[in-house]
Amino acid sequence: MSKKIFVSGDEAVAEAVRLAKPHVISAYPITPQTVAVERISDFVEDGTLKAEYLHVESEHSAMSAAMGAAAVGARTFTATSSQGLLYMSEVLPYVSGARFPIVMMNANRTLATPWALLSDHRDSLSQLDSGWIQVYCEDAQETLDMILQAYRISEDPRVMAPMMVNLDGFVLTHTYEMVELPAQAEVDAFLPAYTTINRMDLDDPKTVCYAAMNDYMEFHMKQELDMRKVPSVIEEVDRLYGDKFGRYYDGMVEQYLCDDAEVVLVTLGSVTGTARVVVDAMRKEGHKVGLVKLRYMRPFPREEILDIASRVRAIGVLDKDISVGYEGIVFTNVNSTVADLETSPGRINFIGGLGGRNISKENTRGMFNELLELARGEKKEKIQFVNARCEYHG
Amino acid sequence: MADKLVTNARDLTNSEYFYGHRACAGCGGSLALRLAMKVLGPRTFVAIPANCMSAVSFLHPQISFSTNSMISPFAATGAVLSGIEAGARALGMKDYHVVGFAGDGGTADIGIQALSGAIDRGDRIIYVCYDNEAYMNTGIQKSGLTPYGSSTTTSPAGRNLPGATRMKKNMFEIVAAHDIAYAATASIGYPEDYLRKISKAAQCASTSYIHVLAPCSTGWGFPIEKTVEMGKEAVDCGLWYLAEFENGEFRLNRKPREFSSLEDYLKKQARFRHLTDKDMDVIKGNRDRKWKKIQDQWTV
């Protein structure tokens, strides 16, 4: 039987990891990921999680040790955040290229400098090209569920790709919520033991992580072609999980009141909760607004975005990041998909929440108003900063 | 498996676990790997970071290892070895070895953090540093183990500098300072000693470290048939030494009655050919200080 527990996002991750029973955990502490690895350490100590916990000396080593363990066929887990993710970034394409299904939690936190502790998405979005599946969570429950789904998705022989489960630092990692904890037996039925031929084997020795000068291109074409099939596996696992545990997340993208929407706002992560409330309020006032919760950034939900874009008059993309010298990274991704349409809707890129700057209901309402005015034919700045303390003169 | 100590060629298997590679003729590093693998045997997991040995042996589809093997990130040999060991342990595997072969740069420079972490965890892994005293794979650049006076492509000897201006980083004692269970220096010029040390490492229940001098004909500039001789002479002239660290004690394994000619050793190598008498005095002074410390503080 499942039970209700009152936990933070970090603790929800730890509970999910205990349920997933990885063989090896290697992690290096970084705020705001720490509570997750502390709880996991407690579970290893008290014997409720029978795993090897490696105290590594850096994030680079955390990912490298996880790779070593994955290379002998072990189920692995690691967790990081911000600078830590960038420090291990060298190893991310190593892991994805070798097709090791490592699951990692990333507590989204801004990058130095200036130093800041709070959440934005510059860390994980800088790693979009690393070959990892990336999912973004809205609350602690979704985070717990996605850690469990991540193993099922990554270890699927059709996928064999590592997966990064992102949750906003502090907003999710340190905020307490009621979370439904599935029963171990149910999880065991959902998540079978990991077996693979892609491993070093004493009875059938082989080499992994080798050099492939002449076949390099074909290896990566295979990786890309496999990744294109991942959305269907994600949908399949989402259905399976929902049937078993009663929670469905709509796969790649959740569309909230989008069916008849004139304008939609695309969000990632916890800010979706705020936007949901604003959409409800504005709907009551008669505005045809909708919300697109972009759950996966890789693989990118091209089909879903095309479908939505073909139906609306304006799309706003809320980026908690910026690719300095261009625009928000999510916006770039949405834009390149929308460019496939013969007539594309109006688009505005809202840059907000950098360094954890608040994005209020009023700010969100302001974004929808800009989109509604754009849909009515008014001219708008393409890139707008939200809740900034200085003027932007584009 | 190395149930008993391997001390000479008669104890070695005829099986080869590392062959068909593309190393230069006269490569000392490949000899270090080949001999170590003969001691460790078929149930061995190998991890090698960026270095000559991975460059010449991991080219798909022509892999030169018949055992399990992988390339590790350059900086992370120690961490990958730990991961393999932890995974194998967690999966209940029995009767196997986990060994890494990193070069001098991969050990003393970019990989020192991960090596330190691995020793600190005490994982049952064997870390072999094959030391050819520069980044040979990338074209003979200076590493932290390049000796004083060695001309490399990034420490060129010229009118103003004698080549490298620093002594070799003291990896053996840095490793020993971790209170490691077993550490040893070796040279491919003394293969029996090296084989014995690899087999001791294989029996070690915790982390072990072997630092083997592996002369490089290409990078040092000597004839390809002289590799083993150079490895021997380095020890005989006192610029390298054969020692062990065990139970918290240093022990010298070979005490030359008198040193062979240091000048002869250096002048045989293109990388040292420019050295002046003054440079020779610097090198000799450093050697003598080191040996005085060894005589005074180690079991000799």
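S.K.: Which parts of the structure should I look at to understand the overall build of chain A?
M.R.: Helices and strands together make up the secondary structure of chain A, namely 14 helices and 16 strands. The C-alpha atoms of chain A give 21 Å as radius of gyration, which agrees with the globular expectation for 394 residues (21 Å, within 12%). Principal-axis analysis of the C-alpha atoms gives chain A an extent of 70 × 50 × 45 Å. Out of the 394 residues in chain A, the part that is buried amounts to 60%. Excluding contacts between residues fewer than 6 apart, the proportion of contacts in chain A whose partners are at least 24 apart in sequence is 80%. Accessible area for chain A stands at about 15,700 Å²; split by element, carbon and sulfur atoms hold 52% of it. Distance from the positive charge centre (40 side chains) to the negative charge centre (57 side chains) of chain A: 3 Å.

S.K.: So what exactly am I meant to see when it comes to the pairing of strand β6 (residues 133-136) of chain A here?
M.R.: On a regular strand, each side chain points to the face opposite its neighbour's, so the side chains alternate between the two faces of the sheet. Residue and element names in this part refer to chain A. Neither face of β6 is left uncovered, since the one carrying I133 and V135 and the one carrying Q134 and Y136 both have all their residues buried. Note on the crossover from β6 through helix α7 (residues 140-154) to strand β7 (residues 163-168): the handedness is right-handed. Where β6 meets strand β13 (residues 296-298), two bridges bridge the pair, whose relative direction is antiparallel. Its bridge partner lying in β13, V135 is registered against Y296.

S.K.: Where do I start with the pattern of salt bridges in this structure?
M.R.: Note that side chains of opposite charge can pair when their charged atoms are close. For the coordinates displayed, the defined rule picks out 55 salt bridges over all chains. In this structure, E254 of chain A and R276 of chain A form a salt bridge, with 2.8 Å as the shortest nitrogen-oxygen distance. Taken as a pair, E254 of chain A in strand β10 (residues 253-256) and R276 of chain A in helix α11 (residues 271-284) lie far apart in primary sequence, 22 residues in all. Per residue, the accessibility class of E254 of chain A equals that of R276 of chain A, and both read buried. As a salt-bridge pair, R121 of chain B and D123 of chain B come within 3.1 Å of each other at their nearest N and O atoms. Across the pair, exposure class does not vary: R121 of chain B and D123 of chain B are buried alike. Within the structure, one salt-bridge network assembled from shared partners comprises E138, E142, E254, R276, K293 and R295 of chain A.

S.K.: What is the right way to look at a nonpolar patch on the surface in this model?
M.R.: A surface patch of nonpolar side chains, amounting to about 350 Å² of accessible area, comprises F6, Y176 and M178 of chain A. Assignment of secondary structure puts M178 of chain A in strand β8 (residues 176-181).

S.K.: Just checking my understanding: could you explain the pairing of β8 of chain A for this structure?
M.R.: All names here are of chain A. Residues of β8 alternate between two faces, with E177, V179 and L181 buried on one and Y176, M178 and E180 left unburied on the opposite face. Across six bridges, strand β1 (residues 3-8) lies against β8 in antiparallel orientation. Across the sheet, residue I5 finds its bridge partner in β8, namely V179.

S.K.: Sorry if this is basic, but what is going on with the interface of chain B and chain A here?
M.R.: Interfaces are frequently sized by the accessible area removed from exposure as the parts join. Listed per partner, the contact involves 38 residues of chain B and 40 residues of chain A. Between chain B and chain A the total buried area reaches about 2,800 Å² when both faces are included, carbon and sulfur atoms providing 65% of it. Area buried by chain B at its contact with chain A is led by H60, N68 and M70 of chain B, which between them contribute 20% of it. A salt bridge links R121 of chain B to E57 of chain A; the shortest N-O distance between them is 2.9 Å. On inspection of chain B and its partner chain A, the count reaches 15 residue pairs in polar contact (both at pLDDT 80 or more). Of all the elements in the fold, those that place two or more residues in the side of chain B that touches chain A are β2 (58-59), β4 (68-71), α3 (77-90) and α5 (112-121) of chain B. Here the side of chain B that touches chain A gets ten residues from one element, more than from any other, and that element is α3 of chain B. Grouping the amino acids of the side of chain B that touches chain A by side-chain chemistry returns 22 nonpolar, eleven polar and five charged. When strand β9 (residues 207-208) of chain A meets β4 of chain B, the two strands line up parallel, connected through two bridges. Within the sheet, the bridge partner assigned to V208 of chain A lies in β4 of chain B and is M70 of chain B.

S.K.: Before we go on, may I ask you to explain the packing of helix α1 (residues 9-20) of chain A against helix α2 (residues 34-46) of chain A in this structure?
M.R.: Between two packed helices, what matters for the description is the angle formed by their axes and the separation of those axes. Residues and elements named next belong to chain A. Relative orientation of the contacting elements α1 and α2 amounts to 35 degrees, with a least axis distance of 7 Å. Seen along the crossing, α1 lies across α2 with a hand that is right-handed. Two secondary-structure elements touch here, α1 through D10, E11, V13, A14, E15, V17 and R18 and α2 through T34, V35, A36, R39, I40 and F43. Residues that form the contact of α1 with α2 fall into these classes: seven nonpolar, one polar and five charged.

S.K.: What is the right way to look at the sheet that holds strand β1 (residues 44-48) of chain B in this model?
M.R.: Backbone-to-backbone hydrogen bonds pair the strands of a sheet. The strands run either parallel or antiparallel. Ordered in space as β9(A)-β4(B)-β1(B)-β5(B)-β6(B)-β8(B)-β7(B)-β9(B)-β10(B), the nine strands form an open sheet in which the pairing is mixed. Strands with a single pairing partner mark the edges of an open sheet, and in this sheet they are β9 of chain A together with β10 (249-252) of chain B. Relative to strand β6 (residues 126-131) of chain B, strand β5 (residues 97-102) of chain B runs parallel, the two being bridged by four bridges. By the bridge assignment for β6 of chain B, A102 of chain B is matched with C129 of chain B. Packing of helix α1 (residues 28-40) of chain B onto the sheet brings it into contact with β1, β5, β6 and β8 (208-213) of chain B, and relative to β5 of chain B it is tilted by some 175 degrees. Its contacts with the sheet place α3 of chain B against β1, β4, β5 and β6 of chain B, and it is angled at close to 170 degrees to β5 of chain B.

S.K.: Hey, could you run me through the side chain of N51 of chain B in this one?
M.R.: Residues and elements named next belong to chain B. Within the secondary structure layout, N51 lies in the loop between β1 and α2 (52-57). At 3.0 Å, the side chain of N51 and the backbone nitrogen of S54 are in polar contact. Not counting residues up to four positions away in its chain, the partners in contact with N51 are F101, A102, G103, Y130 and N137.

S.K.: Please explain the domain arrangement of chain A as it appears in this structure.
M.R.: All names here are of chain A. Partitioning chain A into structural domains gives domain 1 (3-245) and domain 2 (253-385). For domain 1 and domain 2, the distance between their C-alpha centres works out to 28 Å. A combined buried area of about 2,100 Å² lies between domain 1 and domain 2, and 57% of that area is made up of carbon and sulfur atoms. Three residues stand out in domain 1 for area buried against domain 2, namely L125, L128 and E138, and they jointly supply 28% of the buried area on that side. There are five salt bridges connecting domain 1 and domain 2. E142 is the partner of K293 in a salt bridge, and the nearest nitrogen-oxygen pair spans 2.7 Å. Across the contact surface, domain 1 and domain 2 share twelve residue pairs in polar contact (both at pLDDT 80 or more). Every element with two or more residues in the side of domain 1 that touches domain 2 is listed here: α6 (122-125), β6, α7, β7 and α10 (230-245).

S.K.: Would you mind going over the packing of aromatic side chains with me for this structure?
M.R.: How two aromatic rings sit relative to each other is given by the distance of their centres and the angle of their planes. All names here are of chain A. Counting across every chain of the model gives 18 aromatic pairs over all chains. Taken together, a centroid distance of 5.6 Å and an interplanar angle of 45 degrees make the contact between F6 and Y176 tilted. With a gap of 170 residues between them, F6 in strand β1 and Y176 in strand β8 connect regions that are remote in the sequence. For F6, a relative accessible area of 54% puts it in the exposed group. Under the relative-accessibility criterion, Y176 is labelled partly exposed at 41%. Measuring from centroid to centroid gives 6.0 Å for F190 and F245, while their planes differ by 80 degrees, and the two rings are edge-to-face.

Reading the values: the criteria
Residues numbered from 1 in each chain as written. Chains lettered and ligands numbered in written order. Predicted model: local features only at pLDDT ≥ 70, side-chain atom pairs only at ≥ 80, totals over all residues. Heavy atoms only, no water. Helix = DSSP H or I, 4+ residues; strand = E, 2+ residues; numbered from the N terminus. Rg over C-alpha atoms; globule rule 2.2 N^0.38 Å. Buried < 20%, exposed > 50% of the residue type's maximum accessible area, 1.4 Å probe, protein only. Contact = heavy atoms within 4.5 Å. Areas by Shrake-Rupley, 256 points an atom, 1.4 Å probe, with all protein chains shown as cover. Lys, Arg positive; Asp, Glu negative; His and termini not counted. Charge placed at Lys NZ, Arg CZ, Asp CG, Glu CD. Right-handed = clockwise from strand over helix to strand, strands pointing away. Pairing = 2+ DSSP bridges. Salt bridge = Lys/Arg side-chain N within 4 Å of Asp/Glu carboxyl O. Patch = residues over 30% accessible without salt bridge, like charges linked within 9 Å, V, L, I, M, F, W, Y side chains within 5 Å. Buried area = accessible area lost by both parts, 1.4 Å probe. Polar contact = N/O pair within 3.5 Å; in protein donor to acceptor, adjacent residues only side chain to side chain. Nonpolar A, V, L, I, M, F, W, Y, C, P; charged D, E, K, R; others polar. Axes fitted to C-alpha atoms, helices over the stretch in contact; angles between N-to-C directions. Left-handed = near helix turned anticlockwise from the far one by under 90°. Domains from an automatic or database assignment. Phe/Tyr/Trp six-rings, centres within 6.5 Å; stacked < 30°, edge-to-face > 60°.

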